[in-house]
Amino acid sequence: MNLWLILPIVIPLLTAVITTLMYPTLRAQRWVSLGGATALLVAALGLLNDVWHNGIQVTQMGNWRAPYGITLVADLFSALMVTLAGIIGFAVAVYSLTSIDAARVRFGYYPLYHFLLMGVCGAFITGDLFNLYVWFEVMLMASFVLLALGGERGQLEGAIKYVTLNLMSSALFLAAMGILYGLVGTLNMADLARKLSATAQPGLVVAVALLFLAAFGIKAAIFPLFFWLPASYHTPPVAVSAVFAGLLTKVGVYALIRVFTLIFIQDVAFTHTLILGLAGLTMITGVLGAVAQNEFRRVLSFHIVSQIGYMIMGLGLFTPLGLAAAVFYIAHHIIVKTNLFLISGVVERMSGTFELKKLGGLYRAQPGLAVLFLIPAMSLAGLPPLSGFFAKLGLIQAGLPLEQYVIIGVALGVSLLTLFSMLKIWNEAFWKPLDDRRPLTEDRRSSVALFIPIVLLALLTLLIGFGAGPIFALALRAGQELMQPTDYIRAVLGGP
Amino acid sequence: MNSLILQTAVRYLLPLLLLFSVFVFGRGHNEPGGGFVGGLIAAAAYALYAIAYDTRAARQILPIEPRLLIGFGLLLALCSGMLGVANDRPFMTGQWYAFALPGWGKIELGAPLFFDAGVYLVVLGVSLTIIFALAEE
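So, a few notes on the structure that sits alongside this text. (Residues numbered from 1 in each chain as written. Chains lettered and ligands numbered in written order. Predicted model: local features only at pLDDT ≥ 70, side-chain atom pairs only at ≥ 80, totals over all residues. Heavy atoms only, no water.)

## Brief notes about the overall build of chain B
Here's step 1: Counting secondary structure elements, chain B contains five helices and two strands.
Here's step 2: If you list the helices and strands of chain B from N to C, you get α-α-α-α-β-β-α.
Here's step 3: A buried classification covers 38% of the 137 residues belonging to chain B.
Here's step 4: Here chain B has roughly 7800 Å² of accessible surface; of this, 69% comes from carbon and sulfur atoms.
Here's step 5: Charge centroids of chain B, computed over 7 positive and 8 negative side chains, lie 4 Å from each other. (Helix = DSSP H or I, 4+ residues; strand = E, 2+ residues; numbered from the N terminus. Buried < 20%, exposed > 50% of the residue type's maximum accessible area, 1.4 Å probe, protein only. Areas by Shrake-Rupley, 256 points an atom, 1.4 Å probe, with all protein chains shown as cover. Lys, Arg positive; Asp, Glu negative; His and termini not counted. Charge placed at Lys NZ, Arg CZ, Asp CG, Glu CD.)

Put into structure tokens, the structure is as follows:
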């Protein structure tokens, strides 16, 4: 019986329940939420520590042995993802303390926030494909409401696009799963991996694999199915955008990496080359979209798409080093991207707008904030010695021996364009003098609670950059585990 | 709605429907039924009362705020899952407790019953929250 495995699900659920029961007392809800998020972070670190020292951890829910029951399983990749979810969950819970208004709290912001975290953590540690679908739905339902909560006009417009496309993706996922179940009669991932390696219909399996690629591709926002993301992520409150930007698409990426390293490895030459091509297109379209934008959060949203390309590129290369670089990239990206969104919220509080044209003069008014922006922004662009540099270096090192020069060229070019659009934000919002006479509002409400998570995440970015060695070693071990699915299968199903 | 027939009928139907919902809930252990349908039937009973009188009257006869029902239901379901953990078994493992009830014989209560009761409360709470919110618009 492994307690660490169920805590990332039980803690957010319990927090959601307590905040539901305390719905009339808004203040108490905020502190319970913070306590729950802290506990989740501690539990996630405990799980990571356990998996690092004792190898893959497995528990069979309800004591029904696999493949009949639902398996919860954490390898290093899963544990790392849960830890990242814990970090972001904590940071945004602190940020929400003062940035989420009373009306939203009254309508259940905190229970939904923790249901969202539960869905995300559940998706990371389930070992069953149908259960993965259920966690996706938990996460999506919470995100639908969080996106629309408040009912502002722009929000509802974004929410409709978001809901429609995500429902389509869920339908595809379900259909693909139905075909797969008809084909092999199991949905336990380890069991699927074992049975599909001996299947008599490789053509059909590849077709199902592509269905999964489409379903998870919509959720991960890869080319050409990403357009819902920049249409919706700039509409809700900043805390919500930040947690979405950090975690939700990454669940899609996680699912892609999981199924395309464990289950669908019959025709790597075809499927993974396709993924590599999509990765390149995702990078290019995302960054070109970002260059054309003039709104702080829209620029960042398009960059999410572009960055997803890098993660998928690691999967497409399909070597231990490539996957390690993808894992490292995800870790780096989640922290950096959430931080940039949080900073955009502070900028908006001070200037009253997200429009780059109307912003300006922030460097003079708030030099500290400017430095805090530069750290994640330059890290995103991949400047040494920040975390993004090592993430990209890893990917390029993985690509060189495979002679994938085209994708390497694309990755390098896109990172230049990323630098360009980060500098655009820097020039417009921070550097350029503010020409209209409207002074920057010294917002009394913009308090420590907004800056604590930003500083923490910036420090983490620096830590990942300067301590890249040990963290890359962790990613490398995760990558090797992913390339060796036999260990995973043995841990879940037992046997030799 | 101001219908004397409906208002009079509801006074008899409400307890009957509530009893029926508990019956369906109990039947669900081995046969069709269970917490979900039971909860829906109970919600239908209160919804009918709200139609016959109004939502304020329906809220008054409901002893507890629907939102709290959701919370308590989830808590009950979570606790039933943790019963297994408390006995050093995996999460959600069924646990059974036997009692001797005087004049009845042996009675066995298990984790699935608590889980299902949690579902009943959640469904009742969610349905009533939605119905009341829509009716009060």
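So, next bit.
## Structural notes on the interface of chain B and chain A
It is common to give the size of an interface as the accessible area that goes away when the parts come together.
Here's step 1: Listed per partner, the contact involves 16 residues of chain B and 18 residues of chain A.
Here's step 2: For the chain B and chain A pair, buried surface summed over both sides reaches about 1600 Å², with 78% attributable to carbon and sulfur atoms.
Here's step 3: It is B:Arg67, B:Leu78 and B:Phe91 that lose the most area in chain B upon contact with chain A, and together they represent 36% of the buried surface on that side.
Here's step 4: Inspection of the chain B/chain A interface yields zero salt bridges.
Here's step 5: Linking chain B with chain A are two residue pairs in polar contact (both at pLDDT 80 or more), by the criterion used here.
Here's step 6: Among the residues forming the side of chain B that touches chain A, the class breakdown is 10 nonpolar, two polar and four charged. (Contact = heavy atoms within 4.5 Å. Buried area = accessible area lost by both parts, 1.4 Å probe. Salt bridge = Lys/Arg side-chain N within 4 Å of Asp/Glu carboxyl O. Polar contact = N/O pair within 3.5 Å; in protein donor to acceptor, adjacent residues only side chain to side chain. Nonpolar A, V, L, I, M, F, W, Y, C, P; charged D, E, K, R; others polar.)

## Quick word on helix α2 (residues 35-52) of chain B
In an α-helix, one turn spans 3.6 residues; hence positions three or four apart end up facing the same way.
Residues and elements named next belong to chain B.
Here's step 1: The terminal C-alpha atoms of α2, which comprises 18 residues, lie 26 Å apart, in line with the 26 Å expected from a rise of 1.5 Å per residue.
Here's step 2: For α2, the complete set of buried residues consists of Gly-35, Gly-38, Gly-39, Ile-41, Ala-42, Ala-43, Ala-45, Tyr-46, Ala-47, Tyr-49, Ala-50 and Ala-52.
Here's step 3: In this fold, the buried residues of α2 make contact with α1 (4-27), α3 (55-61) and α5 (111-136). (Expected span 1.5 Å × (residues − 1).)

## Quick look at a nonpolar patch on the surface
Residues and elements named next belong to chain A.
Here's step 1: A contiguous nonpolar patch, built from Val-448, Ile-452, Val-455, Leu-456 and Leu-459 and spanning about 430 Å² of accessible area, is present on the exposed surface.
Here's step 2: Tracing the chain through its elements places Leu-456 in helix α19 (residues 448-466).
Here's step 3: Judged by its relative accessible area of 39%, Leu-456 falls in the partly exposed class. (Patch = residues over 30% accessible without salt bridge, like charges linked within 9 Å, V, L, I, M, F, W, Y side chains within 5 Å.)

## Quick word on the state of the cysteines
Here's step 1: Counted under the stated rule, the structure contains zero disulfides over all chains.
Here's step 2: Looking at the unpaired A:Cys121, the closest cysteine sulfur is the one in B:Cys79, lying at 20 Å.
Here's step 3: The class of A:Cys121 is buried, set by a relative accessible area of 0%.
Here's step 4: By relative accessible area, which is 42% here, B:Cys79 ends up partly exposed. (Disulfide = S-S within 2.5 Å.)

## As for the side chain of A:Thr271
All names here are of chain A.
Here's step 1: For Thr-271, the location among the structural elements is in helix α12 (residues 268-292).
Here's step 2: Judged by its relative accessible area of 3%, Thr-271 is buried.
Here's step 3: One polar contact links Thr-271 to His-272, side chain to side chain, over a distance of 3.0 Å.
Here's step 4: Non-local contacts of Thr-271, meaning those with residues more than four positions away in its chain, are made with Val-206, Ala-209, Phe-260 and Phe-264.

## So, the packing of α2(B) against α5(B)
Residues and elements named next belong to chain B.
Here's step 1: For the pair α2 and α5, interaxial distance at closest approach is 7 Å and the crossing angle is 30°. In terms of axis orientation, α2 runs roughly parallel to α5. The handedness of the crossing between α2 and α5 is right-handed. Between α2, through Gly-35, Phe-36, Gly-38, Gly-39, Leu-40, Ala-42, Ala-43, Tyr-46, Ala-47 and Ala-50, and α5, the contact on the second element is made entirely by Asp-116, Val-119, Tyr-120, Val-123, Leu-124, Ser-127, Leu-128, Ile-131 and Phe-132.
Here's step 2: Across the contact of α2 with α5, the residue classes tally to 14 nonpolar, four polar and one charged. (Axes fitted to C-alpha atoms, helices over the stretch in contact; angles between N-to-C directions. Parallel < 35°, antiparallel > 145°, perpendicular 65-115°, else oblique. Left-handed = near helix turned anticlockwise from the far one by under 90°.)

## With respect to the pattern of salt bridges
Here's step 1: A complete count under the given rule lists 11 salt bridges over all chains for this structure.
Here's step 2: Between B:Arg59 and B:Glu65 there is a salt bridge, with the nearest N and O atoms lying 3.6 Å from each other.
Here's step 3: Judged by its relative accessible area of 28%, B:Glu65 is partly exposed.
Here's step 4: Taken together, the shared-partner salt bridges connect A:Asp101, A:Arg104 and A:Glu152 into one network.

## Regarding unusual backbone geometry
Residues and elements named next belong to chain A.
Here's step 1: Omega for the bond connecting Ala-66 with Pro-67 falls within 30 degrees of zero, at 5°, which places this linkage in the cis form.
Here's step 2: Tracing the sequence through the fold places Pro-67 in the loop between β1 (57-60) and β2 (71-74).
Here's step 3: The omega torsion across Phe-223 and Pro-224 is 0°, close enough to zero to call that bond cis.
Here's step 4: Considering the arrangement of structural elements, one finds Pro-224 in the loop between α9 (202-220) and α10 (228-232).
Here's step 5: Its identity as a non-glycine residue notwithstanding, Ala-221 has a phi of 65°, on the positive side.
Here's step 6: For Ala-221, a relative accessible area of 0% gives the class buried.

## So, the packing of α12(A) against helix α18 (residues 405-431) of chain A
Residues and elements named next belong to chain A.
Here's step 1: At their nearest, the axes of α12 and α18 sit 9 Å apart, and the two run at 20° to each other. Regarding the angle of α12 to α18, the classification is roughly parallel. Note that α12 runs across α18; the crossing there is left-handed. Taken together, the residues of α18 that come into contact with α12 (itself represented by Leu-276, Ala-279, Gly-280, Met-283, Ile-284, Val-287, Leu-288, Ala-290, Val-291 and Ala-292) are Ile-407, Val-410, Ala-411, Val-414, Leu-417, Thr-418, Phe-420, Ser-421 and Lys-424.
Here's step 2: Partitioned by chemical class, the residues of the contact of α12 with α18 number 15 nonpolar, three polar and one charged.

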